[in-house]
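Structural overview for review
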Amino acid sequence: MNIDGETRLAGVLGWPVGHSRSPRLHNYWLEHYRINGAYLPLPVRPEHLAEAVKGLVRLGFAGANVTVPHKEAAFALCDTVDDSAKKTGAANTLVLSAAGEISGSNTDGYGFIEALRAGARGFDARNGPAVVLGAGGSARAVVQALIDAGAPEIRLVNRTAARAERLAGALGGPVKSLGWSGAARSLAGAALLVNTTSLGMKGQPPLDLDLTPLPAGAIVNDIVYSPLETALLRAARRRGLAAVDGLGMLLHQARAGFKAWFGRDPEVTEALRRHVAADLLAEMERA
Ligand code: ATR
């Protein structure tokens, strides 16, 4: 990597940010396309986010990704936001203009849909009801994307039923909310099951859900990507269902930012997947 006066800079704002795969992913693309740029992890405490973003503007950064826990706060700092950010009240991609204007978007929903298109042949949200487990920020982006993609019915299942109810009310459309006890029932006739909870993530309990009621032909997607192969995905494969891991969403959500900052629409290739997956595996082995 040659850093000089022309190097374009971007990074990922998070707290903590050490777990983020975005530096590995964006720097792979920078090297692959021989672009004079660098992408850095930017650990920023929540109380310092506004100052840090102003600092990035002053330092001439082209932009930044935003991860947990900053997405809602970043949205509030933007001068302009597109529909994807407006609908979710969150921004994961900031583009900083030379004049100091901050534009925000939320590409998580796009990344989610593209990952399903790439990972499950014949995926179409219009094919049937979707079950979404969880009601946090990720669920919000996923459910909004499914509404926009024409899902006829979305069953939102959450441990804290009131939170699912609130989210369903806020998003409108064909969203029904259920408590955790409704999870098994919600699978009947579903075309898609998505886990957006932290269950199954490294260090968390596994997601223990009997997939028997899912029809043959249903797609199971875990947005957890550490580990890549969760117990949920293993159970789906055992049943012969299409299983889509969480890495695709991460890779596809990154494209728009890279294009805006570095001027090239990057491809999500098998080599890129392997490059990021190898890093995830190495981390699992260290743990
Ligand atoms: P994010 O913004 O990444 O979606 P979040 O807002 O912390 O994260 O949401 C985490 C989700 O995982 C929530 O839906 C949470 O359920 P609650 O709303 O009931 O807290 C869900 N979750 C976390 N641990 C869980 C567990 N042990 N059992 C069931 N759901 C769990």
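The paragraphs below set out a description of the structure included in this document. (Residues numbered from 1 in each chain as written. Predicted model: local features only at pLDDT ≥ 70, side-chain atom pairs only at ≥ 80, totals over all residues. Heavy atoms only, no water.)

**Comments concerning the packing of aromatic side chains**
Put simply, the test is: To pair, rings of Phe, Tyr and Trp, with the six-membered ring standing in for Trp, must have centres within 6.5 Å; the planes then decide the type, stacked if under 30 degrees apart, edge-to-face if over 60, and tilted in the middle. We count a stretch as a helix when DSSP gives it H or I for four or more residues in a row; a strand needs E for two or more, and each element gets its number in order from the N terminus. Accessible area is worked out with a 1.4 Å probe on protein chains only. A residue is then buried under 20% of its type maximum, exposed over 50%, and partly exposed in between.
The full count for this structure, using the stated rule, is four aromatic pairs. Arranged with centres 6.1 Å apart and planes meeting at 40 degrees, the rings of Tyr-39 and Trp-261 form a pair that is tilted. Of the two residues, Tyr-39 sits in strand β2 (residues 37–43) while Trp-261 sits in helix α11 (residues 255–262), which places them 222 residues apart along the sequence. What makes Tyr-39 buried here is its relative accessible area of 2%. Ring centres 6.2 Å apart and planes at 85 degrees place the aromatic pair Trp-261 and Phe-262 in the edge-to-face group.

**A closer look at the sheet that holds strand β7 (residues 130–133)**
Selection rule: When DSSP locates at least two bridges between a pair of strands, those strands are taken to pair. Axis lines are fitted through C-alpha atoms, for helices just across the contact stretch, and the angle between N-to-C directions can take any value from 0 to 180 degrees. Residues are treated as being in contact if the distance between any of their heavy atoms lies within 4.5 Å.
Strand order in the open sheet formed by six strands is β9-β8-β7-β10-β11-β12, and the pairing between neighbours is parallel. A single partner strand is all that each edge strand has here, and the edge strands are β9 (175–179) and β12 (242–244). Strand-to-strand twist in this sheet, taken as the mean axis angle between neighbours without regard to direction, amounts to 20 degrees. In the sheet, β7 pairs with strand β10 (residues 192–195) via four bridges, with the strands oriented parallel. The residue bridging Val-132 from the neighbouring strand is Val-194, located in β10. On the sheet, helix α9 (residues 231–238) packs against β10, β11 (219–222) and β12 and is oriented at approximately 165 degrees with respect to β11.

**A look at the pairing of β9**
Applicable threshold: With its strands directed away from the observer, a crossover is right-handed exactly when the path from the first strand over the helix to the second travels clockwise.
Two elements, strand β8 (residues 154–158) and β9, share five bridges in a ladder whose sense is parallel. Paired with Ile-154 across the strands is Val-175, a residue of β9. Assessed by its sense of winding, the connection that carries the chain from β8 through helix α7 (residues 161–171) to β9 is right-handed.

**Here's the deal with the environment of Met-1**
Locating Met-1 in the fold gives a position in the segment before β1 (8–14). A relative accessible area of 75% places Met-1 in the exposed class. Note: C-alpha distance between Met-1 and Ala-52 (51 residues apart in sequence) is 25 Å. Not counting residues up to four positions away in its chain, the partners in contact with Met-1 are Asn-27 and Ala-38.

**Notes on the sheet that holds strand β3 (residues 63–66)**
Spatial strand order, β2-β1-β3-β5-β6-β4: six strands in an open sheet with mixed pairing. Where the open sheet ends on each side, the last strands, each with one partner, are β2 and β4 (80–81). Here β1 pairs with β3 via four bridges, running parallel. Paired with Val-12 across the strands is Asn-65, a residue of β3. Running at roughly 175 degrees to β2, helix α1 (residues 22–32) makes contact with β1, β2 and β3 of the sheet.

**A few points about the pattern of salt bridges**
Basically, it comes down to this: Salt bridge, as applied in this entry: a Lys or Arg side-chain nitrogen positioned within 4 Å of an Asp or Glu carboxyl oxygen.
For the coordinates displayed, the defined rule picks out 13 salt bridges. Close ionic contact of Arg-126 with Asp-124 constitutes a salt bridge, the shortest N to O distance being 2.8 Å. Its relative accessible area of 58% is what places Arg-126 among the exposed residues. Given the relative accessible area of 25%, Asp-124 is considered partly exposed. A salt bridge links Glu-229 to Arg-237, with the shortest nitrogen-to-oxygen separation between them at 2.6 Å.

**Quick word on helix α12 (residues 270–286)**
Helical geometry: 3.6 residues make up each α-helical turn, so side chains three or four residues apart lie on a common side. We count it as follows: The span expected for a helix works out to 1.5 Å for each residue beyond the first. Starting at the helix axis, one direction is taken to each C-beta atom, and the arc is that of these directions.
Taking 1.5 Å per residue as the helical rise, α12 with its 17 residues ought to reach 24 Å, and the 24 Å between its terminal C-alpha atoms agrees with that figure. For α12, every residue scored as buried is listed here: Leu-272, Val-276, Ala-277, Asp-279, Leu-280 and Glu-283. End-on view of α12: buried residues confined to an arc of 150 degrees, all on one side of the axis. Facing away from the buried side of α12 by over 90 degrees, the exposed positions are Glu-270, Arg-274, Leu-281 and Glu-285.

**Quick word on the site of the ligand**
Condition: Summary of the distance rule: residues count as near a molecule or strand when at least one heavy atom falls within 4 Å of that molecule or strand. Pairing of N or O atoms within 3.5 Å defines a polar contact, subject to two protein rules: one partner must be a possible hydrogen donor and the other a possible acceptor, and residues neighboring in sequence count only if both atoms are side-chain atoms. Areas reported here follow the Shrake-Rupley algorithm with a probe of radius 1.4 Å; residue values treat only the protein chains shown as occluding.
Neighbouring the ligand are Gly-134, Ala-135, Gly-136, Gly-137, Ser-138, Asn-158, Arg-159, Thr-160, Arg-163, Thr-197, Ser-198 and Leu-199. Contact distances for the ligand include 2.4 Å between an oxygen atom and a side-chain N or O atom of Thr-160. At a separation of 3.5 Å, an oxygen atom of the ligand approaches a polar backbone atom of Ser-198. Protein chains bury 71% of the 640 Å² of accessible surface belonging to the ligand in isolation.

**Some points on the side chain of Ser-105**
Turning to its location among the elements, Ser-105 is positioned in strand β6 (residues 102–105). You can call Ser-105 buried: its relative accessible area is 13%. Excluding residues that lie within four positions of it along the chain, Ser-105 makes contacts with Asp-82, Ser-84, Ala-85, Ala-91, Asn-92 and Thr-93.

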